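# Chain and residue survey
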Amino acid sequence: MGKRVAIVGTGQTKGSSGRKDVNGQEMINEAVMKALTDAELTRDDIDAVIIGNMDHFEGINYVDTWSVDGSGGYMKPIMKVTTGGTTGTTVAMAAYYHVASGLFDKVLAIGWEKNSESDTTGAIITAFEPIVDRPTFAGAVGGLALMANRYMHEFGATQEDAAYVAVRDRRHALKNPNAHLQIDITIEDVMKSPMIAWPIKYLDMCPRTDAACAVIFASEDYAEKICPRPAWILGIKNRHNFTFLGDCALGTLLSLEDAAEALYPRIGITEPLKQFDVMELYLPTSFAGVQWIEALRLCPKGGGPELVNSGATDMGGQCPINPSGGVLSSNPIGATGLLRVAEGALQIMGRADKRQVPDAKMALVSGFGGCNWSDLMALGAKKPD
Amino acid sequence: MEEIKKKELLSVYSGEAEQPFEWSAGKYVSRFLVEMRDNKTLVGSKCPKCSKVMVPPRRVCGDCFVQMDEIVKLSGKGSLYSFTVVNFGFVDPDTGLQRPVPYTCAYITLDGTNCTYAHYLSETDPAKIRIGMRVQPLWEENRRGHLLDIKHFEPIEG
């Protein structure tokens, strides 16, 4: 099983549509300094750095080498991890593996993106098969729209059924000073917003954000000395899907379903909605917010709309989803997944401020890459046996 | 020393530098493109283990992880599995041109296959498109061995 690992500090920059005051490396430095301050550590305490983003959004390959001055990685081991949308969660997993191996005690994970520096959709297309997939692909929005459409067809859901996810997450963001978007909207606002790619409307969709996030992982030999209430990593699973999107079923997020099926028994979860106190899930559209929670077995297939519209996943509800405002409020892609990890950890650590879920002891965190692979991580206040 | 004025924040453009690539299609996709160019025919490959037929044809079945050597000719007709009508313009990295909008990205289950195939659909009004509707390819007169030797798929009347 390896050493037990916990998160002992986090840092993030406020999401912005364009941080013209910093270059990427400087923005990374801001998040790193905040994480070190949060953990009361210095750069010298860090044994290794894991860093990731989606290279083609800034057109700078090898961020690992380019960002050394700002990441604190000078004369340290550094690895770049980049897995598309799941980059942030995969960066966290890689940091976990480094510490769990027993070879590194304190590892710094960094995710970041300056989406303002490029045409996001044009860049995302370059992640896909060049000869047969690219000519017709419409970026992340296109893939997400295809999934949303198939889901509505298979389960009879409507656009209105999904819209509340956008209302919920944006309302939650009002309590998160780091969220990019802080807007109070209604279902009617969502339904009236312009259609981007049918059935996804402007307010159903996540923004493009500039931000960086840094998370410090420590082994059981150090975690409790550094942090009074560290967030222990209870389990991790990730799953990839076929090369061609056309080979993937679109009505269900199979990779997330498979990951949950593998993770839950390992950590004694039989009723996720009851047993988890809070969730920070990678939900880039409102439709994902009803479709993908079914893959996590929070409700039966087709039951997503009912669960979400019941208020059970609101702050104050049975199991709040995305107190941070989620991806719908901030989407600095290389950091997005890591923000889920950081926000989940903040909940366990009791440092989530105005967005704190009282007495949060178990958090579920997910990452998504379009289309369509998934990462899943469980965090807890109790040190694993 | 003058203070750096905060309002002077510059952005530097990458310029018009090109970074072209030339990708090898391989035996399978080359056959796929040649059949389109010369015979106005779509072909897939069949896995010897799971018997699934996949389009575009490829060397390895991702599920079974075995090599597929059997090429299967397809009628080209199919049923719509999912679609989206895209309203936002962006620069297609392959052509360097803005994609004309709206356009319908369609995922089609071609008859005789066990996966879906991505292409355009001629109809761009979501109210007139139905998942499950029957579609067929419209071939270009001048074909060059490219995905877009099919101009788009169109609904089969009736």
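### Focus: the overall build of chain B
Counting secondary structure elements, chain B contains 1 helix and 8 strands. For chain B, the N- to C-terminal ordering of α and β elements is α-β-β-β-β-β-β-β-β. Taken over C-alpha atoms, the radius of gyration comes to 21 Å for chain B, far larger than the 15 Å a tight globule of 158 residues would show. Dimensions of chain B along its principal axes, counting C-alpha atoms only, are 75 × 40 × 35 Å. Within chain B, the proportion of its 158 residues that are buried is 31%. When contacts within chain B are restricted to residue pairs at least 6 apart in sequence, those whose partners lie at least 24 apart make up 50%.

### Here we look at the pairing of strand E1 (residues 42–46) of chain B
On a regular strand, one side chain projects to one face of the sheet and the next to the other, so that they alternate. All names here are of chain B. For E1, the buried fraction is high: 4 of the 5 residues fall into the buried class. Taken together, the 2 bridges between E1 and strand E2 (residues 53–54) define a ladder with antiparallel strand orientation. Within the sheet, the bridge partner assigned to Ser45 lies in E2 and is Met54. Here E1 hands over to E2 after 6 residues, with Ser51 in that stretch at a positive phi of 65°.

### Topic: helix H1 (residues 24–39) of chain A
All names here are of chain A. Taking 1.5 Å of rise per residue, 16 residues should cover 22 Å, and H1 covers 23 Å from first to last C-alpha, within 8% of that figure. All buried positions along H1 are accounted for by Gly24, Met27, Ile28, Asn29, Glu30, Ala31, Val32, Ala35, Leu36, Asp38 and Ala39. Elements in contact with the buried residues of H1: strand E1 (5–12), helix H3 (68–71), strand E4 (106–114), strand E7 (210–219) and helix H9 (223–226). Backbone geometry just downstream of H1 places Glu40 in the positive-phi region, at approximately 55°.

### Thoughts on the interface of chain B and chain A
Opposite the 33 residues of chain B that make contact, chain A presents 33 residues. Mapped by element, the contributors of at least two residues to the side of chain B that touches chain A are strand E4 (78–86), strand E5 (103–110) and strand E6 (117–121) of chain B. Within the side of chain B that touches chain A, the residues separate by chemical class into 24 nonpolar, 8 polar and 1 charged.

### Topic: helix H1 (residues 26–39) of chain B
For H1 of chain B, spanning 14 residues, the distance from its first C-alpha to its last is 19 Å, which sits close to the expected 20 Å at 1.5 Å a residue. Lys40 of chain B occupies a position one or two residues after H1 of chain B and carries a positive phi of about 50°.

### A closer look at the domain arrangement of chain A
All names here are of chain A. What the domain assignment reports for chain A is domain 1 (5–119 + 209–226) and domain 2 (123–207 + 234–380). For domain 1 and domain 2, the distance between their C-alpha centres works out to 22 Å. Of all elements in the fold, only E1, helix H4 (87–100), E4 and E7 reach the threshold of two or more residues within the side of domain 1 that touches domain 2. Considering each element in turn, the side of domain 1 that touches domain 2 owes the most residues, 8 residues, to H4. Partitioning the side of domain 1 that touches domain 2 into residue classes produces 13 nonpolar, 19 polar and 4 charged.

### A few points about the environment of Thr65 of chain A
Along the chain, Thr65 of chain A falls in helix H2 (residues 63–66). Taking the C-alpha atoms as reference points, Thr65 of chain A and Lys80 of chain A, 15 residues apart in sequence, are found 8.8 Å from one another.

### Structural notes on the sheet that holds E2 of chain B
Residues and elements named next belong to chain B. Ordered by their spatial adjacency, 3 strands build an open sheet running E2-E1-E3, and the pairing between neighbours is antiparallel. Of all strands in the sheet, those with a lone pairing partner are E2 and strand E3 (70–74), marking the two edges. Pairing of E1 with E3, which is carried by 5 bridges, proceeds in the antiparallel orientation. Bridge pairing in E3 links Leu42 to Leu74.

### Observations regarding the environment of Gly350 of chain A
Secondary-structure assignment places Gly350 of chain A in the loop between helix H15 (333–349) and strand E10 (362–369). For Gly350 of chain A and Phe244 of chain A, which are 106 residues apart along the polypeptide, the C-alpha to C-alpha distance reads 42 Å.

Thresholds, definitions, all that
- Residues numbered from 1 in each chain as written.
- Chains lettered and ligands numbered in written order.
- Predicted model: local features only at pLDDT ≥ 70, side-chain atom pairs only at ≥ 80, totals over all residues.
- Helix = DSSP H or I, 4+ residues; strand = E, 2+ residues; numbered from the N terminus.
- Rg over C-alpha atoms; globule rule 2.2 N^0.38 Å.
- Buried ≥ 20, exposed ≤ 12 C-beta atoms within 10 Å, placed from the backbone.
- Contact = placed C-beta atoms within 7 Å.
- Pairing = 2+ DSSP bridges.
- Expected span 1.5 Å × (residues − 1).
- Nonpolar A, V, L, I, M, F, W, Y, C, P; charged D, E, K, R; others polar.
- Domains from an automatic or database assignment.

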